[in-house]
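# Observations on the model geometry
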Amino acid sequence: MQGLTDWLIVRTEHLASYFSWLPPLFARLVVGWVFMWSGWAKLNNLPQMIENFTEWGIPLPHIMTPFVSGVEFIGGLLLLLGLFTRIAAVPLVIIMIVAIISAKYDQIDSLETLLGFEEVAYMALFGWLAVAGPGPLSLDHALKSRMAPAFNQRRGF
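Cut-offs used in this document
- Residues numbered from 1 in each chain as written.
- Predicted model: local features only at pLDDT ≥ 70, side-chain atom pairs only at ≥ 80, totals over all residues.
- Heavy atoms only, no water.
- Helix = DSSP H or I, 4+ residues; strand = E, 2+ residues; numbered from the N terminus.
- Buried < 20%, exposed > 50% of the residue type's maximum accessible area, 1.4 Å probe, protein only.
- Areas by Shrake-Rupley, 256 points an atom, 1.4 Å probe, with all protein chains shown as cover.
- Lys, Arg positive; Asp, Glu negative; His and termini not counted.
- Charge placed at Lys NZ, Arg CZ, Asp CG, Glu CD.
- Core = buried A, V, L, I, M, F, W, Y, C linked by side-chain atoms within 4.5 Å.
- Contact = heavy atoms within 4.5 Å.
- Patch = residues over 30% accessible without salt bridge, like charges linked within 9 Å, V, L, I, M, F, W, Y side chains within 5 Å.
- Salt bridge = Lys/Arg side-chain N within 4 Å of Asp/Glu carboxyl O.
- Axes fitted to C-alpha atoms, helices over the stretch in contact; angles between N-to-C directions.
- Parallel < 35°, antiparallel > 145°, perpendicular 65-115°, else oblique.
- Left-handed = near helix turned anticlockwise from the far one by under 90°.
- Phe/Tyr/Trp six-rings, centres within 6.5 Å; stacked < 30°, edge-to-face > 60°.

## Points about the overall build of the chain
If you tally the helices and strands in the chain, you get eight helices and zero strands. Start at the N end of the chain and walk to the C end: the helices and strands fall as α-α-α-α-α-α-α-α. Each principal axis of the C-alpha atoms in the chain carries an extent, and together these give about 60 × 50 × 25 Å. Within the chain, the fraction of its 157 residues that count as buried is 31%. Entry remark: accessible area of the chain is about 10,400 Å², with carbon and sulfur atoms responsible for 71%. Computing the positive centroid from 9 side-chain charges and the negative centroid from 11, the chain places the two 21 Å apart.

## Observations concerning the nonpolar core
Counting residues in each nonpolar core, the largest one holds 19 residues, and the members touching the most others are Leu79, Leu92 and Phe126. Apart from residues no more than four positions distant in its own chain, phenylalanine 126 is found in contact with Val31, Phe35, Leu79, Ala89, Leu92, Val93 and Met96.

## A look at a nonpolar patch on the surface
A cluster of nonpolar residues, Leu15, Tyr18, Phe19, Trp21, Leu22, Phe26, Val30, Val34 and Leu137, forms a patch on the protein surface that exposes about 870 Å² of accessible area. Among the elements that line the nonpolar patch, the one with the most residues is helix 2 (residues 22-43), at four residues. Positionally, valine 30 belongs in helix 2. We classify valine 30 as partly exposed; its relative accessible area is 34%.

## Let's talk about the pattern of salt bridges
Under the counting rule described, the total for this entry stands at three salt bridges. Here lysine 42 and glutamate 72 are joined by a salt bridge, their closest N and O atoms 2.8 Å apart. Taken together, the positions of lysine 42 in helix 2 and glutamate 72 in helix 4 (residues 61-81) put the pair 30 residues apart, joining distant regions of the chain. Of the two residues, lysine 42 and glutamate 72, both sit in the buried class. When the shortest N-O distance is used, the salt bridge between lysine 104 and glutamate 119 registers 3.0 Å. Taken together, the residues lysine 104 in helix 5 (residues 85-104) and glutamate 119 in helix 7 (residues 118-132) connect sequence positions 15 residues apart. Neither lysine 104 nor glutamate 119 differs from the other in exposure class; each is buried.

## Considerations on the packing of helix 2 against helix 7
Relative orientation of the contacting elements helix 2 and helix 7 amounts to 130°, with a least axis distance of 11 Å. One way to sum up the angle between helix 2 and helix 7 is to call them oblique. Crossing of helix 2 against helix 7: the hand is left-handed. Residues Pro23, Pro24, Ala27, Arg28, Val31, Val34 and Phe35 of helix 2 touch helix 7, and the partners they reach there are Tyr122, Leu125, Phe126, Trp128 and Leu129.

## What about the packing of aromatic side chains?
For the coordinates displayed, the defined rule picks out six aromatic pairs. For the pair tryptophan 40 and phenylalanine 73, a centre-to-centre distance of 5.4 Å together with 40° between the ring planes defines the contact as tilted. Here the residue tryptophan 40 occupies a position in helix 2, and phenylalanine 73 occupies one in helix 4, the gap between them amounting to 33 residues. Residue tryptophan 40 is classed as partly exposed on the basis of its relative accessible area, which comes to 41%.

Here's what the structure looks like:
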């Protein structure tokens, strides 16, 4: 039994460690691309989006529409680059929460329905990126690597 456990857990974990750079990169590229273009499309169709925000009952739609669209565009771009990833992910989580409450709340009849919304999947990815970070193939990682010697020298390490 221990041999089977070793093979199923320890060896697969070791094998997976060679690819630990891939999930954060893939997550950033997918959601970054989707939100960059979604924000861009909204910014280029503001009158219709303002009308949608008004119908959804979002307060101050003339202010919130360009703001949210800009956050999606800039946040998506930052995720693509892996720049300020943790900071960019947080407002995107908030946007997903507001989107569910304002546009889909009346559709929620069960936990299964709620968890089936694509906004929840995006929220999970943004939350994971906010906590786990962008991974080694990112500008955040490159900047951190460049800044670490100066930071450690100031701290006396």
